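# Tertiary structure, described
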Amino acid sequence: MGIFVMGGAQINGPLKFRRHFDPEDFLRSLEMAGGFAYMQLRGLSAWDKYNSEVLYQSVFAGKGCLNAPLSGPADYFSQRVGAFSSMTLKAAELKAVRALGEAPGVKETLHNVWDTAEAAQGELTAAHGSDTAWKRTRLFLALSAGYFLARTAPAERPVSPAAAAAAYLKRPRELDSGRWLCLKAGTVTLAQRSESYRILMDERAMEGMIPGTELELCRVEAGNGSVVLELHLGEFDTHPVMLEIAAGDYRYFTLAGDRPVYLHPLEVKNGYYTMIRRGMDLYHGKHQALVQVAEVKDIVDFAPEADGGGWITLGGDGKTDLSHYSKRAIPAARRLSGGGCVQLVMEGKACRVLRSDGTVVSNLFDIHGRGLTVLR
């Protein structure tokens, strides 16, 4: 079974559905959306029950959901469509739903979606010929239900008729490379510009490795001047994390496939000790009494020991450096060495290293793992 994804995020609950609702992703995954709504949304209210039923029937019943195509947007709450829900909605619930359907915003959504479905008719005709009226009706019902279940409107999450038809017909989506910064393994050098660079973090992959992916490191560096990055959790994240990279400086991301899942920090604490990277200089110390301990041109992660005995670093080549680790002679520390690493974390005496295949190794025998993309 596939994973239901909208707006770059895995949809596993009602809040995720509303937060990440994307009309194109929704239409491209109608079967999963219909099943999801029937299982997780229809029990929330009479409104959700009605719209979930409309979506489910329009997706899975085909022509059997109606005896003829709809003739206008007002038909969404007609007795014909209401028959979808007659077996599950009580009379009082249907009455409440139709009362809500009289709201100006609801009518505006229906008219907007109907116009979109009508304008998409040319694309549907080219693909389905005489079946066009049914496809238009199904597109109208499904997309209207999607907007209502997501508690949003076409004005807030718009989709053009051409994009709606392409998504409904499951045609390959053209990536808008100008909207999101595309990262790749290795080094990406950014030129200074007035606008910030927008990066879409893969919230779905943050929960664990997707089959067929591998973890890689991407160094994002500022070239001839400072640059600003916006890190978005989902395509509709209105509160992105903003960060600036000074000219000549860099930040590291972990990639799962071609999508970033983790931004490596510049400051790390363990117990009373702190390590900070400022440009090419690495500082270490207790509380705020930090002193420069190394010059590093390419470092991904660093982790101080809790008692101040030393530290471990992870370089851009994926290799850990234990030369300053006070317990490097202990046999268990050998598991921390080697290459193919993408993240390093130390909490107390426990040190964990994440490798590119999603496995976790540690200096303690009872700490291990697999299938991870990020060490929490």
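In this report, we go over the structure that sits alongside the text. (Residues numbered from 1 in each chain as written. Predicted model: local features only at pLDDT ≥ 70, side-chain atom pairs only at ≥ 80, totals over all residues. Heavy atoms only, no water.)

Here we come to the sheet that holds strand S6 (residues 227-233). The three strands lie next to each other as S4-S6-S7, forming an open sheet whose pairing is mixed. A single partner strand is all that each edge strand has here, and the edge strands are strand S4 (197-201) and strand S7 (241-245). In this sheet, neighbouring strand axes are inclined to one another by 25° on average, regardless of whether the strands run parallel or antiparallel. Alignment of S6 against S7, held across five bridges, turns out to be antiparallel. Residue pairing across strands places Val228 opposite Glu244, the latter belonging to S7. (Pairing = 2+ DSSP bridges. Helix = DSSP H or I, 4+ residues; strand = E, 2+ residues; numbered from the N terminus. Axes fitted to C-alpha atoms, helices over the stretch in contact; angles between N-to-C directions.)

Moving on, we come to the nonpolar core. Membership of the largest hydrophobic core comes to 55 residues, with the highest contact counts inside it found for Leu229 and Phe253. With 49 residues, the next largest nonpolar core counts Leu27, Tyr50, Ala117 and Leu124 among its residues. (Core = buried A, V, L, I, M, F, W, Y, C linked by side-chain atoms within 4.5 Å. Buried < 20%, exposed > 50% of the residue type's maximum accessible area, 1.4 Å probe, protein only.)

What follows is about a negative patch on the surface. A surface patch of like charges, here negative, comprises Glu214, Glu216, Asp258 and Asp357. Checked against the element boundaries, Asp357 lands in the loop between strand S18 (350-355) and strand S19 (360-362). (Patch = residues over 30% accessible without salt bridge, like charges linked within 9 Å, V, L, I, M, F, W, Y side chains within 5 Å. Areas by Shrake-Rupley, 256 points an atom, 1.4 Å probe, with all protein chains shown as cover. Salt bridge = Lys/Arg side-chain N within 4 Å of Asp/Glu carboxyl O. Lys, Arg positive; Asp, Glu negative; His and termini not counted. Charge placed at Lys NZ, Arg CZ, Asp CG, Glu CD.)

A separate point is the pattern of salt bridges. Overall, the coordinates contain 13 salt bridges when judged by the stated rule. For the salt bridge of Lys170 with Glu31, the shortest nitrogen-to-oxygen distance reads 3.5 Å. Note that Lys170 is positioned in the loop between helix H10 (161-168) and strand S3 (186-190) and Glu31 in helix H3 (residues 30-41), a separation of 139 residues in sequence. Arg219 serves as the salt-bridge partner of Asp298, at 2.9 Å between the closest nitrogen and oxygen. Highlighted residues: Asp298 in the loop between strand S13 (289-295) and strand S14 (299-304) and Arg219 in strand S5 (residues 215-222), separated in sequence by 79 residues. The exposure class of Arg219 is buried, given its relative accessible area of 11%. Here the residues in one salt-bridge network are Glu31, Arg138 and Lys170, joined through shared partners.

With that settled, consider the side chain of His264. Within the fold, His264 resides in the loop between strand S9 (259-263) and strand S10 (267-270). Of the polar contacts made by the side chain of His264, one reaches the backbone oxygen of Val342; its length is 3.4 Å. Those residues within four positions of His264 in sequence are excluded, and the remaining contacts are Leu217, Arg251, Tyr252, Phe253, Thr254, Val300, Asp301, Val342 and Gln343. (Polar contact = N/O pair within 3.5 Å; in protein donor to acceptor, adjacent residues only side chain to side chain. Contact = heavy atoms within 4.5 Å.)

Glancing now at the packing of helix H4 (residues 46-60) against helix H6 (residues 91-100). Packing of H4 against H6 brings their axes to within 9 Å, and their N-to-C directions diverge by 85°. With respect to H6, the axis of H4 lies roughly perpendicular. Contact residues: H4 offers Ala46, Trp47, Lys49 and Tyr50, while H6 offers Glu93, Leu94, Val97 and Leu100. In the contact of H4 with H6, the residues fall into six nonpolar, no polar and two charged. (Parallel < 35°, antiparallel > 145°, perpendicular 65-115°, else oblique. Nonpolar A, V, L, I, M, F, W, Y, C, P; charged D, E, K, R; others polar.)

With the rule as written, the count across this model stands at 19 aromatic pairs. Each ring, one from Tyr38 and one from Tyr56, has its centre 4.6 Å from the other, and the planes form 35°; the classification is tilted. One end of the pair, Tyr38, is in helix H3; the other, Tyr56, is in helix H4, and 18 residues separate them in sequence. You can call Tyr56 partly exposed: its relative accessible area is 30%. Each ring, one from Tyr76 and one from Phe140, has its centre 6.1 Å from the other, and the planes form 85°; the classification is edge-to-face. Taken together, the residues Tyr76 in the loop between H4 and helix H5 (79-82) and Phe140 in helix H9 (residues 132-150) connect sequence positions 64 residues apart. Linked through ring pairs, Trp47, Tyr50, Tyr76, Phe77, Trp114, Phe140 and Phe148 together constitute an aromatic cluster. Over the ring of Tyr197 we find Arg193; its NZ or CZ atom is 3.8 Å from the centre of that ring. The ring of Tyr272 carries the charged tip of Lys286 above its face, separated from the ring centre by 5.7 Å. (Phe/Tyr/Trp six-rings, centres within 6.5 Å; stacked < 30°, edge-to-face > 60°. Lys NZ or Arg CZ within 6 Å of the ring centre and 35° of its normal.)

All right, on to empty space enclosed by the protein then. Over the atoms rolls a probe the size of a water molecule, and its path tells where empty space is left. Taken as a whole, this structure holds one cavity of 30 Å³ or more when the rule is applied. Looking at the largest cavity, its volume works out to about 50 Å³. In this structure, the largest cavity is lined by Tyr250, Arg251, Tyr252, His264, Pro265, Leu266, Arg277, Ile299, Val300 and Phe302. Taken together, the elements giving at least two residues each to the lining of the largest cavity come down to strand S8 (250-256) and S14. The class makeup of the residues in the lining of the largest cavity is seven nonpolar, one polar and two charged. (1 Å grid on protein atoms, 1.4 Å probe; cavity = no way out; pocket = protein on both sides within 12 Å on 5 of 7 lines; lining within 4 Å. Points joined across faces, edges and corners; volume = space filled by probe spheres on them.)

Read from one edge of the open sheet, three strands run S14-S15-S16, paired in antiparallel fashion. Looking at which strands have only one partner, the edges of the open sheet turn out to be S14 and strand S16 (320-321).

On their own, these measurements won't tell you what the molecule is for.
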